[in-house]
Amino acid sequence: GNEPAPFNEYEFPLDSNWELPRSQLVLGATLGEGAFGRVVMAEVNNAIVAVKMVKEGHTDDDIASLVREMEVMKIIGRHINIINLLGCCSQNGPLYVIVEFAPYGNLKDFLFNNRPFGREQDRDNLQGPPSPPAHVITEKDLIKFAHQIARGMDYLASRRCIHRDLAARNVLVTDDYVLKIADFGLARDIQTTDYYRKNTNGRLPIKWMAPESLQEKFYDSKSDVWSYGILLWEIMTYGAQPYPTINAEELYGYLVSGQRMEKPAKCSMNIYILMRQCWHFNADDRPPFTEIVEYMDKLLQAKE
Ligand code: ACK
């Protein structure tokens, strides 16, 4: 029927490696909501954490994908540049998946809100004049950001994890400018996802997709490398909107014809060369994340 599901409708096997007592968890403000899930801030033993849960009106599939996401996180293991699993509450109540909290939110908004130049031209719903940036982000910081994301992706690729939606909106910012890739454990049902529909911010996720993903729904680490190239472009523009003049229907033709985004004004040629390598039409010609990490190591050493 349409009755809301009672919260102990589901039973999960107890995993004592990860289970935390519910009584230790104090739930706080909602950080955000997705299509099927909600992320809430919480406190456990004086530490701030983020808790993922399903929303009211969820389906059995929503529960199943949250469980799968948690199991993927357990299997992948820890790395500094990913949002790590901390524990769960799975018994006698709603499923809570407890992960690291990122106090500065997503990278796109973080870069945009701390632009050292105009924040007027590109904002969707800017109200009033922007306040001065709270953080000073230098060009070297931008390269360090790109480096950290490459290291996180190299780790995920080594664990056979394909992200499928790598973008600045899915990278979170924590203390000391440590970046963490989020949502890598999300089961993405590519067949049923309508990539041509705008997301809640009015953005088209297709602009991060490799040509083979657009055309054949094919994803592997090399399609993640393509998306990494778009993410590099987002970083070097402090959170601009990729291909602002191209609509969804035109994008594939634009890429097939060999056209690519131009070098952003504040981007060094070394970084632009890397972007262009990530955007090779032929996936085999794109560098693996291991090589991207080495390339960035050298760039940073040269800046010492
Ligand atoms: O883009 P945001 O500001 O950052 O809005 C989304 C929202 O919750 C739904 O995913 C935010 N969010 C997700 N995971 C975390 C986390 N671990 N720490 C802080 N915020 C998070 C995300």
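Being a predicted model, the structure only gives us computed values, none of them experimental.

Engineer: Got a sec to walk through the UniProt feature "active site" (unreviewed entry) in the protein chain? Specific residues and values, please.
Structural biologist: Under the UniProt annotation, "active site" (unreviewed entry) lies at Asp165. What makes Asp165 buried here is the crowd of 20 C-beta atoms within 10 Å.

Engineer: Summarise the nonpolar core; cite the residues concerned and give the values.
Structural biologist: Core analysis: the biggest nonpolar cluster contains 65 residues, and Ala146, Ile149, Ile181, Tyr228, Leu231, Leu232 and Ile235 have the highest contact counts within it. If sequence neighbours within four positions are ignored, Tyr228 has contacts with Ile149, Ala150, Met153, Leu166 and Cys278.

Engineer: Can you lay out the site of the ligand for me, pointing to particular residues and giving the numbers?
Structural biologist: Not every one of the 15 residues close to the ligand is listed here, only the nearest: Gly32, Val39, Ala50, Ala102 and Asn106. In the shell around the ligand, the residues fall into nine nonpolar, four polar and two charged.

Engineer: Can you break down the pairing of strand β5 (residues 96-100) residue by residue, with the values?
Structural biologist: Of all the five residues making up β5, four are buried; the element is thus mostly covered by neighbouring parts of the structure. Here strand β3 (residues 47-54) runs beside β5; their pairing, made up of four bridges, is antiparallel. When the bridges of β5 are listed, Val49 appears paired with Glu100. Pairing analysis gives four bridges linking strand β4 (residues 85-89) to β5, with the strands arranged antiparallel. In the strand pairing of β5, Gly87 is matched with Ile98.

Engineer: So what about the pairing of strand β1 (residues 25-33)? Which residues, and what values?
Structural biologist: Counting buried positions along β1 gives zero out of nine residues, so the element sits mostly on the surface. In this sheet, strand β2 (residues 37-44) lies alongside β1 in antiparallel orientation, the contact comprising six bridges. Along β2, the bridge assignment pairs Leu25 with Val44.

Engineer: Quick one: what's the story with the packing of helix α3 (residues 139-158) against helix α5 (residues 221-236), residue by residue and with numbers?
Structural biologist: It is at 10 Å that the axes of α3 and α5 come closest, and there the two elements cross at 165°. By the angle class used here, α3 and α5 are roughly antiparallel. You can see that α3 and α5 cross each other, and the crossing is right-handed. Here Leu142, Phe145, Ala146, Ile149, Ala150, Met153 and Ala157 of α3 lie close against α5, whose contacting residues are Ser221, Asp224, Tyr228, Leu231, Leu232, Ile235 and Met236.

Engineer: Tell me about helix α1 (residues 60-76), and please be specific about residues and values.
Structural biologist: Taking 1.5 Å of rise per residue, 17 residues should cover 24 Å, and α1 covers 24 Å from first to last C-alpha, within 8% of that figure. Turning to α1, its buried residues are Ser65, Leu66, Met70 and Met73. Buried residues of α1, viewed axially, fall in a sector of 140°; they line one side. Along α1, exposed side chains directed more than 90 degrees from the buried face belong to Asp60, Asp61, Ala64 and Ile75. Buried residues in α1 make contact with β2, β3, β4 and β5. Gly77 lies just past α1 and shows a positive phi near 85°.

Engineer: Requested: an account of the confidence of the model for the protein chain, with residues and values cited.
Structural biologist: For any part of a model where pLDDT is low, the fine detail of the predicted coordinates should not be relied upon. Counting all residues, the mean pLDDT for the protein chain is 90, and 87% of those residues have values of 70 or more. Both scores are given for the predicted complex: the pTM is 0.91, the ipTM 0.95.

Engineer: Before we move on, can you summarise unusual backbone geometry with the specific residues and values?
Structural biologist: Although it is not a glycine, Asp176 adopts a positive phi angle of roughly 60°. Considering the arrangement of structural elements, one finds Asp176 in the loop between β6 (171-173) and β7 (179-181). Of note in the backbone geometry, Tyr238 takes a positive phi value of approximately 50° without being a glycine. Along the chain, Tyr238 falls in the loop between α5 and α6 (248-256). The exposure class of Tyr238 is buried, given the 24 C-beta atoms found within 10 Å.

The rules behind each value
Residues numbered from 1 in each chain as written. Predicted model: local features only at pLDDT ≥ 70, side-chain atom pairs only at ≥ 80, totals over all residues. UniProt positions renumbered as here; feature names shortened; annotations may be inferred. Buried ≥ 20, exposed ≤ 12 C-beta atoms within 10 Å, placed from the backbone. Core = buried A, V, L, I, M, F, W, Y, C linked by C-beta atoms within 7 Å. Contact = placed C-beta atoms within 7 Å. Near = placed C-beta within 6 Å. Nonpolar A, V, L, I, M, F, W, Y, C, P; charged D, E, K, R; others polar. Helix = DSSP H or I, 4+ residues; strand = E, 2+ residues; numbered from the N terminus. Pairing = 2+ DSSP bridges. Axes fitted to C-alpha atoms, helices over the stretch in contact; angles between N-to-C directions. Parallel < 35°, antiparallel > 145°, perpendicular 65-115°, else oblique. Left-handed = near helix turned anticlockwise from the far one by under 90°. Expected span 1.5 Å × (residues − 1). Arc of directions from axis to C-beta. pLDDT = per-residue confidence, 0-100.

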